[in-house]
Amino acid sequence: MTTGAPQLDEHSFAGNLLTTDTVPTHRRREYWREALSRTFGAVDMSVPEEVHSGTIRTAPLGRLQVTMVDGDALEARRTPRLIARGDEDEYVVVKLLSKGVARLEQDARDVGVQPGEVFIYDMARPVRMLLPECFRTKSIVLPRPVLGLRESDLRQITASPLRSDMALGGLLSVYLSRLVDTAGSFRPHTGELLARNVVDLLTVLADEQLGRVSGGTPSGDAVMLLRIRTFIGQHLADPDLTPEVIARAHHISVRYLHKIFEGEDTTVSRWIQSRRLEACRQDLLHREAASRTIISVAHRWGFTSAAHFSRVFRAAYGMSPSEYRAIHRP
């Protein structure tokens, strides 16, 4: 590793590794540029003539991917020429700068980024990112359709760093860092559920930037909702997960908990049930779960009654769990 850089925690990040550490010195520059290009797609990468060390770790998050990069100085450009020929324009990158400083240019904005800040850029439009010294970044790449933001809304949040001392910035910084660190340990569906919380935060951010959120309370409710959704995702397997348990864990009243979910067009209990049903449906699709019984799948995600599980599954998907598995058997 580069002198003075913190060592990667081998136990906290499970994923694929690309590193210059095992590459002969005279080949490191070529290897590092190729590794960066393989990871980030059609981007012009400028790296120093002498590359001392570089490490890229990637891990799946359901159908998405997260990346942690440690390296020397570099400059990355996504040019109109590359946009015209590549397919990376369907993605938005959410990136946390953990170490070093950065400069980002997109959508007529030229901003500096400090450690602990999160920034967003869109691969559909030209972007330039400069990292002038040793750095560490943690990123999640999101398909643009997943965000559900209009083009004009998305432009409001690109190249606008979120400071860690802001409510949304601090939450997103901590959440994204932890999500990247532990990504490889999640089951595919659980990972996607957790990644969805990043999307929710970006939607709130866009609303604030466009003035669709007034005052601090709606934003505070959105942040609390994000925390609660994350908590639910982490405790789906607990059959005793109830609104009372959730409210107590977040030091709020049950009445306030229900109020937060009013804007979601559902109740807390229905949200828990829908997440459990989706987790079970995903299990029924997976080859590795083919040997499990239907009831064991249901119990795994917090359903205690086989009859109740079968009834609500049929209501949600139009057929029984056994019929669904037979049709979609891996």
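Residues numbered from 1 in each chain as written. Predicted model: local features only at pLDDT ≥ 70, side-chain atom pairs only at ≥ 80, totals over all residues. Heavy atoms only, no water.

> If you had to explain the packing of helix H10 (residues 268-285) against helix H12 (residues 306-317) to someone new, which residues and values would you point to?
Relative to each other, H10 and H12 sit at 90°, their axes nearing to 11 Å. Taken together, the axis directions place H10 and H12 in an arrangement best described as roughly perpendicular. Contacts between H10 and H12 involve Gln 273, Leu 277, Glu 278, Cys 280, Arg 281 and Leu 284 on the former and, on the latter, His 308, Phe 309, Val 312, Phe 313, Ala 316 and Tyr 317. Per-class residue counts for the contact of H10 with H12 are 8 nonpolar, 2 polar and 2 charged. (Axes fitted to C-alpha atoms, helices over the stretch in contact; angles between N-to-C directions. Helix = DSSP H or I, 4+ residues; strand = E, 2+ residues; numbered from the N terminus. Parallel < 35°, antiparallel > 145°, perpendicular 65-115°, else oblique. Contact = heavy atoms within 4.5 Å. Nonpolar A, V, L, I, M, F, W, Y, C, P; charged D, E, K, R; others polar.)

> Describe the sheet that holds strand S7 (residues 102-106), and please don't skip the residues or the numbers.
Paired through their backbone hydrogen bonds, the strands of a sheet run either parallel or antiparallel. The 5 strands lie next to each other as S2-S5-S10-S7-S8, forming an open sheet whose pairing is antiparallel. The outermost strands of the open sheet, each flanked by one partner alone, are strand S2 (44-46) and strand S8 (109-113). Across the sheet, the axes of successive neighbouring strands diverge by a mean angle of 10°, strand direction being ignored. In the sheet, S7 pairs with strand S10 (residues 127-131) via 3 bridges, with the strands oriented antiparallel. Bridged to Glu 105 within S10 is Arg 128. Along the sheet, helix H1 (residues 28-40) contacts S2 and strand S5 (74-78); its crossing angle with S2, the most-contacted strand, is approximately 145°. (Pairing = 2+ DSSP bridges.)

Such coordinate-based values are descriptive only and should not be taken to indicate function.
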